[in-house]
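# Close look at the chain arrangement
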Amino acid sequence: GAIPDSGTTLMMGPKSHIIELFSLICDAWPRCQEEAQKNSELPKHKVFQLVLLRCEDWLPDGLDEMPTLSFQMVGSNGKQQTLKMGPNGYITMIVKEKVHYMQKNLMGVFPLELLEHTGKMTKVCTPSFGSAKYHTKLNGPLWILGTPLFYEYQVG
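Residues numbered from 1 in each chain as written. Predicted model: local features only at pLDDT ≥ 70, side-chain atom pairs only at ≥ 80, totals over all residues. Heavy atoms only, no water.

## Describing the state of the cysteines
This model, assessed by the stated rule, comprises two disulfides. Covalently, cysteine 26 is tied to cysteine 32 through a disulfide, its sulfur atoms 2.1 Å apart. Linking cysteine 26 and cysteine 32, the disulfide has an S-S dihedral of approximately -95° and is accordingly described as left-handed. Pair check on accessibility: cysteine 26 and cysteine 32 agree, each one buried. (Disulfide = S-S within 2.5 Å. Buried < 20%, exposed > 50% of the residue type's maximum accessible area, 1.4 Å probe, protein only.)

## Observations concerning the pattern of salt bridges
In total, this model carries four salt bridges according to the counting rule given. Residue aspartate 27 is joined to lysine 44 by a salt bridge in which the shortest nitrogen-to-oxygen separation is 2.5 Å. With aspartate 27 in helix α1 (residues 15–28) and lysine 44 in helix α3 (residues 44–53), the pair connects residues that are 17 residues apart, well separated along the chain. Owing to a relative accessible area of 36%, lysine 44 belongs among the partly exposed residues under this scheme. For arginine 31, the salt bridge is made with glutamate 65, and the minimal N-O distance between the two is 2.7 Å. Linking arginine 31 in helix α2 (residues 30–38) with glutamate 65 in the loop between α3 and β3 (69–74), this pair joins segments that are 34 residues apart in sequence. For arginine 31, a relative accessible area of 28% translates into the label partly exposed. Residue glutamate 65 is classed as partly exposed on the basis of its relative accessible area, which comes to 33%. (Salt bridge = Lys/Arg side-chain N within 4 Å of Asp/Glu carboxyl O. Helix = DSSP H or I, 4+ residues; strand = E, 2+ residues; numbered from the N terminus.)

## Observations concerning the nonpolar core
Taken as a class, soluble globular proteins show a tendency for nonpolar side chains to be buried jointly. Counting residues in each nonpolar core, the largest one holds 28 residues, and the members touching the most others are Phe48, Met66 and Phe129. Contributing elements (two or more residues each) for this core: α1, α2, α3, β3, β4 (80–85) and β10 (143–145). Ranked by the residues each element gives to this core, the list is headed by α1, at five residues. Residue contacts for phenylalanine 129: discarding those within four places in its chain leaves Leu10, Met11, Ile18, Leu21, Phe22, Leu69, Phe71, Tyr90 and Trp143. (Core = buried A, V, L, I, M, F, W, Y, C linked by side-chain atoms within 4.5 Å. Contact = heavy atoms within 4.5 Å.)

## Examining the packing of α1 against α2
Taken N-terminus to C-terminus, the directions of α1 and α2 make an angle of 100°; their axes are 5 Å apart at the nearest point. As the angle between them shows, α1 and α2 are arranged roughly perpendicular. Contacts from Cys26, Asp27 and Ala28 of α1 reach α2 at Pro30, Cys32, Gln33 and Ala36. In terms of residue class, the contact of α1 with α2 is built from five nonpolar, one polar and one charged. (Axes fitted to C-alpha atoms, helices over the stretch in contact; angles between N-to-C directions. Parallel < 35°, antiparallel > 145°, perpendicular 65-115°, else oblique. Nonpolar A, V, L, I, M, F, W, Y, C, P; charged D, E, K, R; others polar.)

## A closer look at the pairing of β3
For β3 and β4, the ladder comprises six bridges, and the chain directions are antiparallel. Its bridge partner being in β4, methionine 73 is matched across the sheet by glutamine 81. Counting the residues between successive antiparallel strands, the hairpin from β3 to β4 contains five residues, one of them, glycine 78, with a positive phi of roughly 90°. (Pairing = 2+ DSSP bridges.)

Structure representation (structure tokens):
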């Protein structure tokens, strides 16, 4: 089942569904496929997220390479509808400070990881999906279709 909710920032679904979705997006996106071949020890859903984190290297043209997602929906009246969402709808780009992590020993004994601020800004992309555990007796696993849906469609 699925519920549209303008108060939810992301598209939320069961963790196993999100992992499968990210893997399928990676399979359909040549840039992610190439990276998955180079990093075959990593699951595709993680490769997908790593490629997105480095989006500054391939924006803005790289979004056009990504697949359009299709969601098969059935309304309360039984009417079926396919909702399509392009990458501009399901990828979020933010600008944040580049940081470096370094390890130092506290008193020469205890390792401590420290964050070093660089003052340099970078673009980072993330999928507009999150995992949530909602299960109903009637409809099984439940998706919450948040604001990305409302940016693409007029819901009513």
